[in-house]
Amino acid sequence: MINVEKIQKQADEIVAQLSEVLENFDLETEEEYHILETKNVLRDDDEALLDESFKIDALNVAPKVKDGSIVVEKSKWSH
């Protein structure tokens, strides 16, 4: 059962903590922005690993399976 009083108390505590943080926040300091010359460093692509156990598990819990694929009901488009 939902305890409304407990949720209200927790929400009040969160708002109080946020208010305290905002009160201590220095709004007078002007931030400086620097544009740096950066570049992406990417790893080399490797061969993708296929874990057959995932497919087997998925097929085992699917409500309907045919020829190794999960069968789903075709949805109708509404206009």
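Residues numbered from 1 in each chain as written. Predicted model: local features only at pLDDT ≥ 70, side-chain atom pairs only at ≥ 80, totals over all residues. Heavy atoms only, no water.

## Some points on the overall build of the chain
Along the chain, the regular secondary structure elements total 2 helices and 2 strands. The C-alpha atoms of the chain give 27 Å as radius of gyration, which overshoots the globular expectation for 79 residues (12 Å, by more than 25%). Dimensions of the chain, computed from C-alpha atoms along their principal axes, come out at roughly 65 × 55 × 40 Å. Put simply, the chain has 79 residues, and 1% of those count as buried. By element, 55% of the accessible surface of the chain is carried by carbon and sulfur atoms, the whole surface being about 9400 Å². Measuring between centres, the 9 positive side-chain charges of the chain sit 20 Å from its 20 negative side-chain charges. (Helix = DSSP H or I, 4+ residues; strand = E, 2+ residues; numbered from the N terminus. Rg over C-alpha atoms; globule rule 2.2 N^0.38 Å. Buried < 20%, exposed > 50% of the residue type's maximum accessible area, 1.4 Å probe, protein only. Areas by Shrake-Rupley, 256 points an atom, 1.4 Å probe, with all protein chains shown as cover. Lys, Arg positive; Asp, Glu negative; His and termini not counted. Charge placed at Lys NZ, Arg CZ, Asp CG, Glu CD.)

## A look at unusual backbone geometry
Notably, Asp67 is not glycine yet its phi reads approximately 50 degrees, a positive angle. If you trace the backbone, Asp67 turns up in the loop between strand S1 (65-66) and strand S2 (69-70).

## So, a nonpolar patch on the surface
The grouping of Ile2, Val4 and Ile7 at the surface amounts to a nonpolar patch, some 330 Å² of accessible area in total. Here Ile7 shows up in helix H1 (residues 4-23). Exposure remark for Ile7: the relative accessible area of 47% places this residue in the partly exposed category. (Patch = residues over 30% accessible without salt bridge, like charges linked within 9 Å, V, L, I, M, F, W, Y side chains within 5 Å. Salt bridge = Lys/Arg side-chain N within 4 Å of Asp/Glu carboxyl O.)

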